[in-house]
Amino acid sequence: MTISAVLAIDQGTSATKAVVTDQAGQILAEASAPIRPHYPEEAVAEQDPEELWTSVLTAGREAVRRAQAPVDAVALANQGESILVWDRATSRPLSTIIGWQDRRATEICTELSDAAEALRQSTGLVLDPYFSAPKMGWARRHLSQQGVVTTTDTWLVHRLCGAFVTDASTASRSLLTSLSSTGWDQASVDLFGLTDEELPTIVGCDEIVGTTSAFGPDIPLGGLIVDQQAALLAQACVNAGDAKCTYGTGAFLLANAGQHPVISPSGLTTSVAWQLRGQPSYCLDGQVYTAASAVRWAIDLGLIDSARDIDAVAAHTSDGVVFVPAFAGLAAPWWDPAATACLRGMTLSTGRGEIIRALVEGIAAQVAVLTALVAAELPTPPTRLRVDGGLTGSAALMQAQADLLGIPVEVHSSADATGLGAAACLRLALDASATVDQIVRPSPPSRVYEPRWSREHAAEVLSRWQAAAATTMP
Ligand code: G3P
């Protein structure tokens, strides 16, 4: 079968995006549909499953319509750690979606704290409510004992084609898989009280799992992968030490760690980057839980009208204001779900310009801390940071990032890097003779930000930020 156009769906936290690419991997059309996550109270981050489903159909169908060409197959990238309870016979949701930012499963993590080190060694992950297994255990305890409890990808794929699967990268974000075998680890499954659960079959990222007529005529569905890992692939980070950061709802720094898992001594997490041609590749990752959602907070507060205003409003300097945007706890390397955001150093002369500048520098500082850890742990430290995601549209943020990192920041040519990564997995699924190198080719960055600060100045700003971060944890 000759494959011409494919559709890739990037089902994210604040939007579902869809991209149609041609045979050469060039973008023919894009579309997106917004989603509004709900943060009704402290520690809660939920999504409406039907809103998610509708957004997948809306974005996918609109991208196909705009492409004005039939698509031959569809790929799906997912949020990674968000879960729900649902009925396998009907695909009907039996709970809301417990989003990856939700921290109510802290109680499960506290109860299992004696097993944290063993889990870290076997799964590569830190025992934190961010990952899917604590949420699954919490959902069973507090929401519903009916049906199945899985990550959102399994539910979406089941609705699309009837298969009951997840992929190796998504499974590796659960705390339930063995890092070395990439399969379910019975001891971990038992630990979280999930022994009697039906767990989905784990497939490679380059597998076709069924067919769907959700976007037009019946076409194969495959190329399943976590959104962050998909972006790592799209950024052609295929060699150990290659790193990218995606600035979406959160900001996620991932570095390719090669074909053998490494356990981070500093609290970064290790998971499967992708499993292609039967071979897993691994990545080290660090997380900033609130990037665009911190910007959203500033919008909701009336400090700016939209993310597009950041550059116009941000003052030239923060004038001593420091912002730690830990609105949903802190992840690597602090791992404190109870951390809260902090804004300090304000005086009567502080205006919204200084606050927005401090917010931008706060996001960039957290990414810089993570990048320094990655650089220390991999044999080849990154010499540049490839970036993608909506917030890369802010020159203020990208310049702050380069200034704090001391290395160039290269912006991906497409806002849909995640979709392109999923599309690459799908093309590998459709063409058994194709190699990763043939399908994944680096694209020239749309913009490069060179660092402007001296090392001393960057170190001073970072250390001030880290001192503030230390005060956010109870
Ligand atoms: O781990 C959660 C992350 O993958 C969600 O990505 O793009 O929705 O911020 P995004």
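As a convention, each chain's residues are numbered from 1 in the sequence order in which they are written. The model is predicted, so local features are restricted to residues of pLDDT at least 70 and side-chain atom pairs to those at 80 or more, both for listing and for counting; the totals for chains, interfaces and linings are taken over all residues. Based on all heavy atoms of the structure, the side-chain values leave hydrogens and waters out of the count.

### Considerations on the pattern of salt bridges
Two side chains of opposite charge can pair, provided their charged atoms sit close to one another. The condition that has to hold: Basic side-chain nitrogens of Lys or Arg form a salt bridge, by our definition, when they fall within 4 Å of a carboxyl oxygen of Asp or Glu. Labels follow the DSSP assignment, with helices taken as runs of H or I lasting at least four residues and strands as runs of E lasting at least two, numbered in each case from the N terminus.
Enumeration over the complete set of coordinates arrives at 19 salt bridges. The residue Arg-296 makes a salt bridge to Asp-300 at a minimum N-O spacing of 3.1 Å. Residue Arg-296 and its partner Asp-300 are located together in helix α9 (residues 292-300), separated by four residues, close to a single helical turn. In the salt-bridge network here, residues are joined through shared partners; they are Arg-36, Arg-296 and Asp-300.

### Remarks on the site of the ligand
Heads up, the rule is: The cutoff for a nearby residue is simple: one of its non-hydrogen atoms must lie within 4 Å of the molecule or strand. Polar contacts, as used here, are pairs of N or O atoms within 3.5 Å; protein pairs need one atom able to donate a hydrogen and one able to accept it. Residues neighboring in sequence count only if both atoms are side-chain atoms. Where accessible areas are quoted, they stem from the Shrake-Rupley method and a 1.4 Å probe; at the residue level, only the protein chains shown are allowed to cover. Lys, Arg, Asp and Glu make up the charged group, whereas Ala, Val, Leu, Ile, Met, Phe, Trp, Tyr, Cys and Pro make up the nonpolar group; the residues left over, Gly among them, are polar.
Around the ligand, the neighbouring residues are Gly-12, Thr-13, Gln-79, Glu-81, Trp-100, Tyr-130, Asp-227, Gln-228, Gly-248, Thr-249, Gly-250 and Phe-252. In this structure, Thr-13 approaches the ligand through a side-chain N or O atom, which is 2.4 Å from an oxygen atom. Contact distances for the ligand include 3.0 Å between an oxygen atom and a backbone N or O atom of Thr-249. Protein contacts shield 93% of the accessible area of the ligand, which totals 310 Å² for the unbound molecule. For the shell around the ligand, the per-class residue count stands at three nonpolar, seven polar and two charged.

### Digging into the nonpolar core
Rules: Buried Ala, Val, Leu, Ile, Met, Phe, Trp, Tyr and Cys residues that are joined via side-chain atoms within 4.5 Å together make up what is termed a nonpolar core. Three labels apply to residues, based on accessible area from a 1.4 Å probe with only protein chains included: buried if under 20% of the type maximum, exposed if over 50%, partly exposed otherwise in between. Bear in mind that the domain bounds are from an automatic or database domain assignment. Two residues qualify as a contact provided that any one of their heavy atoms is within 4.5 Å of a heavy atom in the partner residue.
By size, the foremost hydrophobic cluster in this structure holds 125 residues, and its most contacted members are Phe-192, Tyr-247 and Leu-385. The dominant element in this core, judged by the number of residues it contributes, is helix α11 (residues 352-377), at 13 residues. The residue makeup of this core includes at least three contributed by each of domain 1 (6-235) and domain 2 (288-411 + 447-470). When sequence neighbours within four positions are dropped, the list of residues in contact with Leu-385 reads Ala-243, Lys-244, Cys-245, Tyr-247, Leu-253, Val-367, Gln-401, Leu-405, Ile-407, Pro-408, Val-409 and Glu-410. In this structure, Ile-9, Leu-76, Ile-219 and Leu-221 belong to the second largest nonpolar core, which totals 38 residues.

### With respect to the UniProt feature "domain: Carbohydrate kinase FGGY C-terminal" (unreviewed entry) in the chain
Note the threshold: UniProt positions are given in the numbering used here, feature names are shortened, and annotations may be inferred rather than shown by experiment.
With numbering aligned to this structure, UniProt lists the feature "domain: Carbohydrate kinase FGGY C-terminal" (unreviewed entry) at residues 243-425. The span residues 243-425 shows a helical share of 32% and a strand share of 24%, and its end C-alpha atoms are spaced 19 Å apart.

### Observations concerning the packing of helix α8 (residues 227-234) against helix α13 (residues 417-430)
Rule in force here: Between the N-to-C directions of two axes lies an angle of 0 to 180 degrees, each axis being a line fitted to C-alpha atoms and, for a helix, fitted only over the stretch in contact. Any angle that falls under 35 degrees is termed roughly parallel, while one over 145 is termed roughly antiparallel, one within 65 to 115 roughly perpendicular, and all others oblique.
Running from N to C, α8 and α13 point in directions that differ by 80°, and their axes come no closer than 7 Å. Relative to α13, the element α8 is oriented roughly perpendicular. Where α8 abuts α13, its residues Asp-227, Ala-230, Ala-231, Leu-233 and Ala-234 lie against Ala-417, Thr-418, Leu-420, Gly-421, Ala-422, Ala-424 and Cys-425. Considering only residue class, the contact of α8 with α13 consists of nine nonpolar, two polar and one charged.

### Thoughts on the sheet that holds strand β2 (residues 15-21)
To keep things clear, this is the line we draw: Two strands pair under a simple rule: DSSP has to find at least two bridges between them.
The strand order β3-β2-β1-β5-β12-β11 describes an open sheet built from six strands, whose pairing is mixed. If you trace the sheet from one side to the other, it starts and ends with β3 (27-34) and β11 (208-212), each paired once. Between one strand axis and the next, the sheet turns by 25° as a mean value, whatever way the strands run. As paired elements, β11 and strand β12 (residues 219-226) share four bridges and run antiparallel to each other. Its bridge partner being in β12, Thr-211 is matched across the sheet by Pro-220.

### A few points about the UniProt feature "domain: Carbohydrate kinase FGGY N-terminal" (unreviewed entry) in the chain
UniProt's entry tags residues 6-233 with the feature "domain: Carbohydrate kinase FGGY N-terminal" (unreviewed entry), counted in the numbering of this structure. Helix makes up 31% of residues 6-233 and strand 26%, and the two end C-alpha atoms of the span are 17 Å apart.

### Digging into the confidence of the model for the chain
Applied cut-off: pLDDT gives the predictor's per-residue confidence on a scale running from 0 to 100.
Confidence along the chain averages 96 in pLDDT terms, with 99% of residues attaining 70 or more. The complex model carries a pTM of 0.96, and its ipTM stands at 0.96.

### Topic: the environment of Val-448
Mapped onto the elements of the fold, Val-448 is located in strand β21 (residues 447-449). Classification of Val-448 as partly exposed rests on a relative accessible area of 38%. In sequence terms Val-448 and Pro-325 are 123 residues apart; their C-alpha atoms lie 25 Å from each other. Beyond its immediate chain neighbours, meaning those up to four positions away, Val-448 contacts Pro-408, Val-409 and Glu-410.

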